[in-house]
Number of protein chains: 2
Amino acid sequence: MKATATPLDPRRVHLKGGLLGERQEINRSVTVPVIMEKCRSTGRVEAILHQWDGREETRPHPFWDSDIGKSIESAAYALMNRRDEALEADIDEIVDRMVSAQEPDGYYNAYYQACEPPEARWTNLYYMHELYCMGHLIEGAVAYHQATGKHAFLDMMCRYADLACSLFLEGGRLYGGYCGHPEIELALVRLCRETGQERYLKLARTFIDQRGRRPWYFETESLRRGVDTEKTANLKRHLKYFLPARGPFAEYQAHVPVREQTEPVGHAVRAMYLLAGAADVAALCDDDGLYHAVRSVWDATVSTQMAITGGIGTASDGERFTFAYDLPNEITYHETCASVALMMAGLRLLSFGPDTAVADAMERTLYNTILASVSLSGDRFFYANYLDVCPERFRQASKATIDKMSAERLPWFNVACCPPNVSRLTGALGQYVASEGEGGALYVHLYAAGDILWRDGAHPLRLRVETEYPWSGRITLHAEGETEEQAVLWLRIPGWCRRYEARVNGQPIAQAPVKGYLPIERRWQTGDCVELELEMQPVWMEADPRVRQDGGKVALMCGPVVYCLEEKDNGACLHDLAVCPSQAEVSRETIRLGNGAEVPALSFPGLSYHGAPWADGALYRPVEERAVPRRLLAVPYFAWGNRGFGEMIVWMNRR
Amino acid sequence: MKATATPLDPRRVHLKGGLLGERQEINRSVTVPVIMEKCRSTGRVEAILHQWDGREETRPHPFWDSDIGKSIESAAYALMNRRDEALEADIDEIVDRMVSAQEPDGYYNAYYQACEPPEARWTNLYYMHELYCMGHLIEGAVAYHQATGKHAFLDMMCRYADLACSLFLEGGRLYGGYCGHPEIELALVRLCRETGQERYLKLARTFIDQRGRRPWYFETESLRRGVDTEKTANLKRHLKYFLPARGPFAEYQAHVPVREQTEPVGHAVRAMYLLAGAADVAALCDDDGLYHAVRSVWDATVSTQMAITGGIGTASDGERFTFAYDLPNEITYHETCASVALMMAGLRLLSFGPDTAVADAMERTLYNTILASVSLSGDRFFYANYLDVCPERFRQASKATIDKMSAERLPWFNVACCPPNVSRLTGALGQYVASEGEGGALYVHLYAAGDILWRDGAHPLRLRVETEYPWSGRITLHAEGETEEQAVLWLRIPGWCRRYEARVNGQPIAQAPVKGYLPIERRWQTGDCVELELEMQPVWMEADPRVRQDGGKVALMCGPVVYCLEEKDNGACLHDLAVCPSQAEVSRETIRLGNGAEVPALSFPGLSYHGAPWADGALYRPVEERAVPRRLLAVPYFAWGNRGFGEMIVWMNRR
């Protein structure tokens, strides 16, 4: 399977208005300043060049560098959209600090440099995230270079990556090692693409090749440290409850070589970053076996372990996958970062010949879990993304322990990976809109109002996209510019769409879609107009009967957007409600949320089994048929929880 | 509220045949030998007089004494039913060991004597279970004395209890202390009843009075040990997830004084043992305030936190109550011991004027969770009692960590409180059948084939009970013997029964029940025959709509017995099934289980939403109305899991 397409540079897509454009603008104007401020106020910036005094409360956290990396990356996308000198100055100051802190051999890690002796470096790849932090800093450096042309940060990260090459490539002292938390692989490929230096790709490939080989590097290095890995507290904790019995290191996808992996296991964020990096390596090295392993894990993920909202990784203990068709709605996890990482993996898979099965899963994730993870106001975040919330469960918990389990969006977290991660994804959404294929073809994956620079250079060709997607299935693309020869525009027909009409300059398009992409080949010129009408009706959905948690339940979707019931609109006891899908005709409405934003909503007839709680005393009683008809109102899942804290459900009882 | 009734001495009730009689006989012939053998083969007996060599693997467990106590108690009930010299010799040998190990001041604790220096005793009442172990040994000693007349064990425990009196009664060195795990209170009351020594009651009352007072004893003693309680690993573990924020020590019901408690909190077994001991003290000390606190916690337990099967304590983390109407079916706990302790608390509450609301909850627990917790063969046990089992969840777990979370009955457990506990309850079921009221009245709570010695002495009066209860609602009681004056027989009309007929010697009884007990007053003589016909039909049940986990679901009961669906009878994907209660007419059937036992079953029409798993690939799809009618078969919940390991559900989707 050859890679035949590449994602567009985010600078070639401008989102304007529309849902994605609005979210991206709020990300730029609110979220980016928030995360940059948090990086300082929480000590993450101060930790650079830190002289640690040995007190626990002033100790930098080993993952803080990754937050800096992601925050700068996110800020870089914001800068691509609009110059902001103050923001640039802020970043330059951080970069200066890091460059000053970098050691002569290229090493840079705020935590290790402040808190550990030099000989401790690289001795615990299993747990200590050094390469992971390097990866996020590389991504930040590449994006900042693209956004500003400044290369101090990029140069610094090249020096650091060169150090890694000298250590981990064949012949190096640490050859055979790889990171407990994948991410460095995809970052090295980005660095290779930005600098043209093949050694970074070679190192990414080496990490992929070594992973899961026996003897396990994680075991070897812990024996070197004189520690029995089995006895490290962390490993024991991860192995404690309901872990797939796939042998050691499955938690970190290192139980068997990557090419032998066929299903998602372990920590979900790690699993998806690994897929992304492996897909990159497969594409650039034309590695068919690796591609098939990646695709196989991806397919098993989206077809057996993905919530209808796109959330993945249901176990909060270990932040991990459990087993096929195990998709609890209330006692679940679905970390925001796992969805971000899934988007990144999907983006890379789309390089291997676009396939709407891949894009469908990405779209499901984007319009539901990803958008939900940030408040409409842009300054509060979910770490966990539930499909069923009972507020009492959280009210009973001691506040100190909720943090990342919270069902209310929080301004920040103790381990704060998610806010900058969703922010950098939102900033880079342009990348996800379309990719460039062979022969100058363009594949459009996501429909969002704005414009796409299809061809650059002396004869630029732009597509101006007009649409209210995802609230309407009508999309119009206006060409501006010309092509000298025939070029193919491929338009994605989403998997959820059962009927569509497409016209170019008013003429119906006769071609059939290929893997869900409709080809339109012509010599393009200004004034060409493509109209696509995707039939988009509210649809009652059911889950595969093997998903026991959704048995006897239905969910409501319209296009890619999943709807949910909130207590605010439907009263408490949402589990006492039911709908009969064949009789529940759905009407479109609009509701106004707290911040004044209007959001489409759907109303339909349902019933309440009891109407009201019954008399006190008897917890159980013989069934009485006293169902009370009720008009129910569902709001987009991503908009839930923006009007106070109450019950919420996605899956409703099916009558 | 005055105590007006006392439970019957178990020797006055003989169960013969019938479900309870059969289970009691299997308990005597299989379970008791199993637990006695396990006490030896697992080192529990050897731990007595143990010279510990300091190696972790030979270290006795701090709770082992309690297993010895419960096992002897259970064996004692078996001996009441049938002499068994080998069993007695076995116990006598254990008692001899314990007596030899007892210190001159009366102290006895196998763990402390082997593993800790003398000064460590009584320094960690919070966690170390010394008084709890003493309590179980006292119960064993009392029962063994009653069964055999031998008093070596009883004397030993009196000496030990006297030591406790000298330490914990007012003026004692440890006055103000009480056990982290209640149980000693009810045991001391039993010891008082057996020996007539009021000081034991006084000590029980002191423990109740001190509990929850400020400053908290648990804090005081940990400061004395130089340990900050907040920092003990155990406490931290317990406080970690979703703990009711009721302040420290709520886990052990010591957050506020017992008289101020109004709802169940914390560890469920502790909560129920505390209720039992407090009810005893309230009865003997005529303590109205204490009674009302007990009744209030009991009522809140059974009306807001009890599964339809009678299970209580839904959180496996901390083995504890969560909050009102939180009753998960799959990710739950319902420890067997909690149900045993609930039975014991209920038994004592029945002393305050019988009330079928109390007996109903006990009967629900007995016929469902309690009976289910032992295999039909008598030699395998549940620690956790789920209402919904997905075998894959357990197959994915590492074997070593399942143990007490197992959804398959196991021969024994690492912490093995449950097997001897359910065994002693089963052996003592006679106590639960009836109690003796003022003026020689008899209250019959449970209907079970056998006979009851209503009056002892020169003019004995017996009731011979003929019934197939709980498989039939027809009960006949034959009097044998005479009374000189009028005496009232009170027959319980269970809460689940909506219509009944009662006759004495063929004449209808006109009286109305009082709190669910029907009074029949007469001069009794041989030949008197009371016939009670409780209408017992299969009934579809629903839960209070505030129980979100049962929303849109129904369960099937017949009399006190809850039924469930097993994969064995209904195929996999039980959550894909649904029933329409108003159209699901139920037929009675009989099925044969693995061991040849026949058990009543219920069949009814239902449907499968999908009939079969659908084509691979799409996890979600638009609803199709393709329900396939299916005949479903439900078996008694207590009999589930006796034919291999498969799915099981109690609550079925309501169509």
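Student: Please give an account of the overall build of chain A that cites residues and values.
Tutor: Helix and strand counts for chain A come out as 19 helices and 23 strands. Considered along the principal axes of its C-alpha atoms, chain A spans approximately 75 × 75 × 50 Å. Looking at the 655 residues of chain A, the share that counts as buried comes to 65%. Restricting to contacts in chain A with at least 6 residues of sequence separation, those with at least 24 account for 72%. As presented, chain A carries roughly 22,700 Å² of accessible surface, and 49% of it is formed by carbon and sulfur atoms. Averaging the positions of the 71 positive and the 87 negative side-chain charges in chain A gives two centres separated by 2 Å.

Student: Quick one: what's the story with helix H7 (residues 184–195) of chain B, residue by residue and with numbers?
Tutor: All names here are of chain B. Spanning 12 residues, H7 covers 16 Å between terminal C-alpha atoms, matching the ideal 16 Å at 1.5 Å per step. Taken across its 12 residues, H7 has nine buried, putting it largely inside the fold. Residues of H7 that are buried make contact with helix H2 (64–81), helix H5 (130–148), helix H6 (152–168), helix H8 (198–210), helix H11 (268–285) and helix H13 (336–349). A positive phi of about 75° marks glycine 196, the residue just after H7.

Student: Quick rundown of the packing of aromatic side chains? Include the residues and the values.
Tutor: Residue and element names in this part refer to chain A. For the coordinates displayed, the defined rule picks out 58 aromatic pairs over all chains. Judged by centre distance (6.1 Å) and plane angle (65°), the ring pair of tyrosine 367 and tyrosine 469 falls under edge-to-face. Placement of the pair is tyrosine 367 in helix H14 (residues 356–372) and tyrosine 469 in the loop between strand E7 (461–467) and strand E8 (474–481), with a sequence separation of 102 residues. Each member of the pair, tyrosine 367 together with tyrosine 469, is buried. An aromatic cluster of at least three residues, connected via ring pairs, comprises Tyr126, Tyr178, Trp216, Tyr217, Phe218, Phe249 and Tyr252. A cation over an aromatic ring shows up here: arginine 522 above the ring of tryptophan 524, its NZ or CZ 5.7 Å from the ring centre.

Student: How would you sum up the sheet that holds strand E4 (residues 434–437) of chain B? Please name residues and give values.
Tutor: Residues and elements named next belong to chain B. Pairing is mixed across the open sheet formed by five strands, whose spatial order is E1-E4-E5-E9-E12. The outermost strands of the open sheet, each flanked by one partner alone, are strand E1 (5–7) and strand E12 (517–522). Averaged over all neighbouring strand pairs, the angle between strand axes comes to 25°, with direction disregarded. Note: strand E5 (residues 442–444) against strand E9 (residues 487–492), three bridges, orientation parallel. From the neighbouring strand, valine 444 faces E9, where its bridge partner is leucine 491. Against the sheet, helix H14 (residues 356–372) makes contact with E9 and E12, and its axis sits at roughly 50° relative to E9, the strand it touches most.

Student: Summarise the pattern of salt bridges; cite the residues concerned and give the values.
Tutor: Counted by the stated rule, this structure contains 114 salt bridges over all chains. In this structure, arginine 320 of chain A engages aspartate 317 of chain A in a salt bridge whose closest nitrogen and oxygen atoms are separated by 3.9 Å. For aspartate 569 of chain B, the salt bridge is made with arginine 643 of chain B, and the minimal N-O distance between the two is 2.7 Å. Of this pair, aspartate 569 of chain B sits in helix H19 (residues 567–570) while arginine 643 of chain B is found in the loop between strand E21 (628–636) and strand E22 (648–649), placing the two residues 74 residues apart along the sequence.

Student: Tell me about the relation of the copies chain A and chain B, and please be specific about residues and values.
Tutor: When chain A is fitted to chain B, the residual RMSD is 0.0 Å, and the transformation amounts to a turn of 180° plus an axial shift of 0.0 Å. The two molecules are tied by a two-fold rotation axis, judged by turn and shift. Ranked by how close their C-alpha atoms come to the rotation axis, the residues of chain A are headed by arginine 655 of chain A, at 2.5 Å. Mapped onto chain B, 100% of the interface residues of chain A again fall at the interface, so both copies present the same surface.

Student: For the pairing of strand E16 (residues 561–566) of chain A, give the residues involved together with the corresponding values.
Tutor: Residue and element names in this part refer to chain A. The buried fraction of E16 amounts to six of the six residues, a majority that puts the element mostly inside the structure. Burial along E16 is two-sided: Val561, Tyr563 and Leu565 and Val562, Cys564 and Glu566, pointing in opposite directions, are all buried. Looking at chain direction, strand E15 (residues 553–558) and E16 are connected through two bridges and run antiparallel. Counted as the bridge partner of cysteine 558 is valine 561 from E16. Hairpin remark: E15 followed by E16, antiparallel, with two residues in the connecting loop; positive phi at glycine 559, about 65°.

Student: Describe the nonpolar core, naming the residues involved and giving the relevant values.
Tutor: Residues Met98, Trp122 and Phe604 of chain A are the most contacted members of the largest nonpolar core, which totals 236 residues. When residues in this core are grouped by element, the largest group, 13 residues, is from helix H11 (residues 268–285) of chain A. Not counting residues within four places of it along the chain, the set of residues in contact with methionine 98 of chain A comprises Ile48, Ile68, Ile72, Tyr108, Leu137, Phe153 and Met156 of chain A. Leu154, Ala283, Leu429 and Met557 of chain B belong to the second largest nonpolar core, which has 234 residues in total.

Student: Could you give an account of the confidence of the model for chain A, naming the residues involved and the relevant values?
Tutor: Residue and element names in this part refer to chain A. For chain A, mean pLDDT is 93; residues scoring 70 or higher make up 96% of the total. Counted against residues more than four places away or in other chains, residues 236–244, with its pLDDT under 50, gives 29 contacts. Reported confidence for the predicted complex is 0.94 by ipTM and 0.95 by pTM.

Student: So what's going on with the interface of chain A and chain B? Which residues, and what values?
Tutor: Chain A puts 68 residues into the contact, and the matching count from chain B is 68 residues. Taken together, both faces of the contact between chain A and chain B bury some 5,800 Å²; the carbon and sulfur share is 60%. Of the charged contacts, one joins glutamate 542 of chain A and arginine 621 of chain B as a salt bridge, the two residues approaching to 3.1 Å between their closest N and O atoms. At the boundary of chain A and chain B, one finds 20 residue pairs in polar contact (both at pLDDT 80 or more). Ranked by residues supplied to the side of chain A that touches chain B, first place goes to strand E14 (residues 538–543) of chain A with five residues. The residue inventory of the side of chain A that touches chain B, partitioned by class, reads 35 nonpolar, 14 polar and 19 charged. Here E14 of chain A runs beside strand E20 (residues 620–622) of chain B; their pairing, made up of three bridges, is antiparallel. Its bridge partner lying in E20 of chain B, glutamate 542 of chain A is registered against arginine 621 of chain B.

Student: Go over unusual backbone geometry with me, naming the residues and quoting the values.
Tutor: Residues and elements named next belong to chain A. Here the bond from arginine 214 into proline 215 is cis, since omega is -5°, no more than 30 degrees from zero. Among the secondary structure elements, proline 215 is positioned in the loop between helix H8 (198–210) and helix H9 (217–224). The omega torsion across tyrosine 469 and proline 470 is 10°, close enough to zero to call that bond cis. Turning to its location among the elements, proline 470 is positioned in the loop between E7 and E8. Although it is not a glycine, leucine 49 sits at a positive phi angle of roughly 65°. Among the secondary structure elements, leucine 49 is positioned in the loop between helix H1 (18–41) and helix H2 (64–81). We classify leucine 49 as partly exposed; its relative accessible area is 45%.

Student: Can you lay out the packing of H2 of chain A against helix H5 (residues 130–148) of chain A for me, pointing to particular residues and giving the numbers?
Tutor: All names here are of chain A. Two elements in contact, H2 and H5, have axes whose closest approach is 7 Å; the angle formed by their N-to-C orientations is 20°. Classed by the angle they form, the pair H2 and H5 counts as roughly parallel. The handedness of the crossing between H2 and H5 is left-handed. Counted together, Asp65, Ser66, Ile68, Gly69, Lys70, Ile72, Glu73, Ala76, Tyr77, Leu79 and Met80 of H2 and Tyr132, Cys133, His136, Leu137, Glu139, Gly140, Ala143, Tyr144, Gln146, Ala147 and Thr148 of H5 form the full contact between these two elements. Across the contact of H2 with H5, the residue classes break down as 12 nonpolar, six polar and four charged.

Cut-off values and rules
Residues numbered from 1 in each chain as written. Chains lettered and ligands numbered in written order. Predicted model: local features only at pLDDT ≥ 70, side-chain atom pairs only at ≥ 80, totals over all residues. Heavy atoms only, no water. Helix = DSSP H or I, 4+ residues; strand = E, 2+ residues; numbered from the N terminus. Buried < 20%, exposed > 50% of the residue type's maximum accessible area, 1.4 Å probe, protein only. Contact = heavy atoms within 4.5 Å. Areas by Shrake-Rupley, 256 points an atom, 1.4 Å probe, with all protein chains shown as cover. Lys, Arg positive; Asp, Glu negative; His and termini not counted. Charge placed at Lys NZ, Arg CZ, Asp CG, Glu CD. Expected span 1.5 Å × (residues − 1). Phe/Tyr/Trp six-rings, centres within 6.5 Å; stacked < 30°, edge-to-face > 60°. Lys NZ or Arg CZ within 6 Å of the ring centre and 35° of its normal. Pairing = 2+ DSSP bridges. Axes fitted to C-alpha atoms, helices over the stretch in contact; angles between N-to-C directions. Salt bridge = Lys/Arg side-chain N within 4 Å of Asp/Glu carboxyl O. Least-squares fit on C-alpha atoms with pLDDT ≥ 70 in both. Core = buried A, V, L, I, M, F, W, Y, C linked by side-chain atoms within 4.5 Å. pLDDT = per-residue confidence, 0-100. Buried area = accessible area lost by both parts, 1.4 Å probe. Polar contact = N/O pair within 3.5 Å; in protein donor to acceptor, adjacent residues only side chain to side chain. Nonpolar A, V, L, I, M, F, W, Y, C, P; charged D, E, K, R; others polar. Parallel < 35°, antiparallel > 145°, perpendicular 65-115°, else oblique. Left-handed = near helix turned anticlockwise from the far one by under 90°.

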